[in-house]
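An overview of the molecular structure
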Amino acid sequence: MSLGFRISGRIGKPVAEVFDAVVNPTKLSGYFTTIGGASAPLVAGTTVTWWKMVPVEVDEVTKDKRIVLRWDATDAKGKPAYKTRIEMNFEPLEDGGTFVTIAEEGWREGGVGLKKSYLNCEGWSQMLACMKAYLEFGINLRDGYYRSELRGEPANETNI
């Protein structure tokens with residue numbers, strides 16, 4: 001059994017706009033990958049870079065519905081050890097909004113995997129909140145959110 005989590009929330013914008021805010025590197029960089037940006041759009045079969053240092057493998061992109069990504073999980077020394085899987089689903093709501101669900105799974109059992117899954121759960125929860133503020137109100141919540149980002153460094157498990 002591997003460790004994983006699921007978070008979700010409603011964004012008061014149409015599904016096409018919410019989906020585009022994730023696949024479009026300019027928009028993603030406006031609220032999530034704010035330091036270093038996103039290198040390219042999310043296209044199935046490609047690898048993009050977030051924050052100028054994190055390779056993100058794009059496995060699947062189904063327009064306005066689903067995105068599946070993989071990226072490195074690190075060991076206790078911070079070295080890449082294996083991949084976790086991220087699945088984002090976008091559900092249009094009757095009120096014109098979008099229900100977004102983000103799940104990440106694949107950490108190995110044990111203290112290291114548990115700690116790292118909790119950190120990523122925090123990160124995805126923060127991403128979803130930032131996306132809501134950005135799309136609904138034009139606010140970049142990520143700006144100065146972490147101490148490291150006040151120094152111009154992307155947040156990671158050792159500097160937040």
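An unreviewed UniProt entry lists the chain under the name SRPBCC domain-containing protein, with Mesorhizobium vachelliae given as the organism. In UniProt, the chain has this text filed under Sequence similarities (unreviewed entry): "Belongs to the AHA1 family."

A positive phi angle, near 60°, is found at Lys52, a position not held by glycine. By the secondary structure assignment, Lys52 is in the loop between strand E2 (47-50) and strand E3 (54-62). Here Asp64, not a glycine, exhibits a phi torsion of approximately 65°, which is positive. Tracing the chain through its elements places Asp64 in the loop between E3 and strand E4 (66-74).

This part takes up the packing of aromatic side chains. Inspection of the entire model under this criterion finds 10 aromatic pairs. A centroid spacing of 5.9 Å and a plane angle of 85° characterise the contact between Phe32 and Trp50, whose relative ring orientation is edge-to-face. With a gap of 18 residues between them, Phe32 in the loop between helix H2 (25-28) and E2 and Trp50 in strand E2 connect regions that are remote in the sequence. Taken as a pair, Phe32 and Trp50 share a single burial class, namely buried. A centroid spacing of 6.4 Å and a plane angle of 70° characterise the contact between Trp50 and Trp124, whose relative ring orientation is edge-to-face. Separated by 74 residues along the polypeptide, Trp50 in strand E2 and Trp124 in helix H3 (residues 111-137) bring together distant segments of the chain.

How each quantity is defined
Residues numbered from 1 in each chain as written. Predicted model: local features only at pLDDT ≥ 70, side-chain atom pairs only at ≥ 80, totals over all residues. Heavy atoms only, no water. UniProt positions renumbered as here; feature names shortened; annotations may be inferred. Helix = DSSP H or I, 4+ residues; strand = E, 2+ residues; numbered from the N terminus. Phe/Tyr/Trp six-rings, centres within 6.5 Å; stacked < 30°, edge-to-face > 60°. Buried < 20%, exposed > 50% of the residue type's maximum accessible area, 1.4 Å probe, protein only.

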